Amino acid sequence: MRLRTPCAAMPRAWTVELRPHPGGLVLVCRQCLHTGGEVTAASARSAALTHLARHARSDLVPPHLRICQCHERGCRWHRRHRGCDGPVRLLLACERGGRVWRLADACSTCAAATAQAAVVPDTALARTLRRLPTARRRKRQPRGPGEQTRVREMLSYLAAALPPGASPAARLLALQCALRANATLQVRLPQGVLRSLRLNSPGSWRELERAHWLRITPGHAGVVVAELLDATLFSQAPARPDRMQAADWALRAGSPSAAGGIGPLPQLATVYLASHADPETGCGLNDLDQMARACGAHPTELPDTLDRLARAGLVRSWQVCPDSGDLQWTCRRFDPQAARLAVAR
Ligand SMILES: [Zn+2]
Ligand SMILES: [Zn+2]
Ligand SMILES: [Zn+2]
């Protein structure tokens, strides 16, 4: 349990509101009193996140001075829990159906208790950088858990950052883009990778463009070049080689050869289940609604999807607990080496 410390000088919590306006919506920041121009419904989410990211980047504080801002405000943002605990990270939360967005430092316990919220992926970086000796490049560490965690966190973040109606195909694409982008938010996805993901139809790109999540740079042959507009993601992003490895992990976990044949939702569901399962046993337990949000599906669609995955041999077993609504599953044993070879072919 962390004791409450007086530290009002660095309140790392920012909130923006999207207020109805005769011409559409207007962005109002509760901290800097910025009142932006009108935004359309399609661009509102991205404008809100961009504004919050700017605050987070300009108010940087050394990690040891970051405190749980939720606790500082009496933990009014979530249901009761037994006290703050765990590392402090940036939490993106959405309230009132997307009309209020908040980015704040919060401890793991508060983060887990907050509805409609996602941790902005960053500890992967902190952990990696602290441990990164110069010889790391030649001698690779075991990669499974690190990549799995990065993919899991990115899926959780995208569940909050993408519009609720974003399709599973657009989400698969966004996951690859977020993990493969370079330091200037540019991403180059070769057509070959898109084909292996079965994401070579332009519809998913257009969907992400319409959500103002990315912008395509036209005029490139054999490769799709895009600029990501989601600035929150890279306020403290992991070093690119680590993210690239996580992108490859997601590609392999999604088993494009098997799950891709039955569509983008089963493919995304496979990545979700693999990234949320115990890497040793393949067993997982999670809230079904949370999985539905991350996959851009309705919870009632998932049983059919899970059955199809079971028929394709990608899930060994699954069941929903009638009382808690939790989903329990066992993945087919995921062999990264074999999967790597399959993707290479
Ligand atoms: Zn502001
Ligand atoms: Zn709290
Ligand atoms: Zn807390």
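Residues numbered from 1 in each chain as written. Chains lettered and ligands numbered in written order. Predicted model: local features only at pLDDT ≥ 70, side-chain atom pairs only at ≥ 80, totals over all residues. Heavy atoms only, no water.

**Some details on the layout of surface pockets**
Here the idea is plain: a probe the size of a water molecule rolls over the atoms and shows the empty space left.
Alright, step 1. The computed volume of the largest pocket comes to approximately 1,100 Å³.
Alright, step 2. Along the walls of the largest pocket sit 44 residues, with Ala117, Ala118, Ser156, Gln290 and Arg293 positioned nearest its centre.
Alright, step 3. Within the residue set of the lining of the largest pocket, elements represented by two or more residues are strand E4 (89-95), strand E5 (100-106), helix H3 (108-113), strand E6 (117-119), helix H5 (144-161), strand E10 (283-287) and helix H11 (288-295).
Alright, step 4. Here the lining of the largest pocket takes 6 residues from H5, the largest share from any one element.
Alright, step 5. Classifying every residue of the lining of the largest pocket by side-chain character gives 25 nonpolar, 11 polar and 8 charged.
Alright, step 6. Two domains each provide a minimum of three residues to the lining of the largest pocket, namely domain 1 (13-128) and domain 2 (148-344). (1 Å grid on protein atoms, 1.4 Å probe; cavity = no way out; pocket = protein on both sides within 12 Å on 5 of 7 lines; lining within 4 Å. Points joined across faces, edges and corners; volume = space filled by probe spheres on them. Helix = DSSP H or I, 4+ residues; strand = E, 2+ residues; numbered from the N terminus. Nonpolar A, V, L, I, M, F, W, Y, C, P; charged D, E, K, R; others polar. Domains from an automatic or database assignment.)

**As for the nonpolar core**
Alright, step 1. Of all hydrophobic cores here, the largest spans 82 residues; its most connected members are Leu92, Trp101, Val151, Leu175, Trp205, Trp213 and Leu273.
Alright, step 2. Among the elements that line this core, the one with the most residues is helix H6 (residues 168-180), at 9 residues.
Alright, step 3. In terms of nonpolar packing, the next biggest core, distinct from the first, is built from 9 residues, Cys75, Cys107, Cys110 and Ala111 among them. (Core = buried A, V, L, I, M, F, W, Y, C linked by side-chain atoms within 4.5 Å. Buried < 20%, exposed > 50% of the residue type's maximum accessible area, 1.4 Å probe, protein only.)

**Considering the packing of H6 against helix H8 (residues 202-210)**
Alright, step 1. The interhelical angle for the contact between H6 and H8, taken along N-to-C directions, is 75°, at an axis separation of 9 Å. The angle between H6 and H8 places the two elements in the roughly perpendicular class. On the side of H6, the interface is formed by Ala169, Ala170, Leu173, Ala174 and Cys177, while H8 contributes Ser204, Trp205, Glu207 and Leu208.
Alright, step 2. The residue inventory of the contact of H6 with H8, partitioned by class, reads 7 nonpolar, 1 polar and 1 charged. (Axes fitted to C-alpha atoms, helices over the stretch in contact; angles between N-to-C directions. Parallel < 35°, antiparallel > 145°, perpendicular 65-115°, else oblique. Contact = heavy atoms within 4.5 Å.)

**Observations regarding the coordination of the zinc ion (ligand 1)**
Alright, step 1. Those donors, Cys29 (SG), Cys32 (SG), His51 (NE2) and His55 (NE2), are the protein atoms that reach the zinc ion (ligand 1), and they lie 2.0 to 2.3 Å from it.
Alright, step 2. Along the chain, the residues that donate to the zinc ion (ligand 1) are spaced as C-x2-C-x18-H-x3-H. Highlighted residues: histidine 51 and histidine 55, both in helix H1 (residues 41-58), separated by 4 residues, approximately one helical turn. (Donors = N, O, S within 2.8 Å, 3.2 Å for Na, K, Ca; no water.)

**Comments concerning the pattern of salt bridges**
Alright, step 1. Counted by the stated rule, this structure contains 9 salt bridges.
Alright, step 2. Two residues, arginine 19 and glutamate 17, come together in a salt bridge whose shortest N-O distance is 3.1 Å.
Alright, step 3. Since its relative accessible area comes to 38%, arginine 19 is described here as partly exposed.
Alright, step 4. On the basis of relative accessible area, glutamate 17 is assigned to the buried category, the value being 13%.
Alright, step 5. For glutamate 95, the salt bridge is made with arginine 102, and the minimal N-O distance between the two is 2.7 Å.
Alright, step 6. Several salt bridges converge on common partners, so that one network encompasses Arg12, Arg66 and Asp105. (Salt bridge = Lys/Arg side-chain N within 4 Å of Asp/Glu carboxyl O.)

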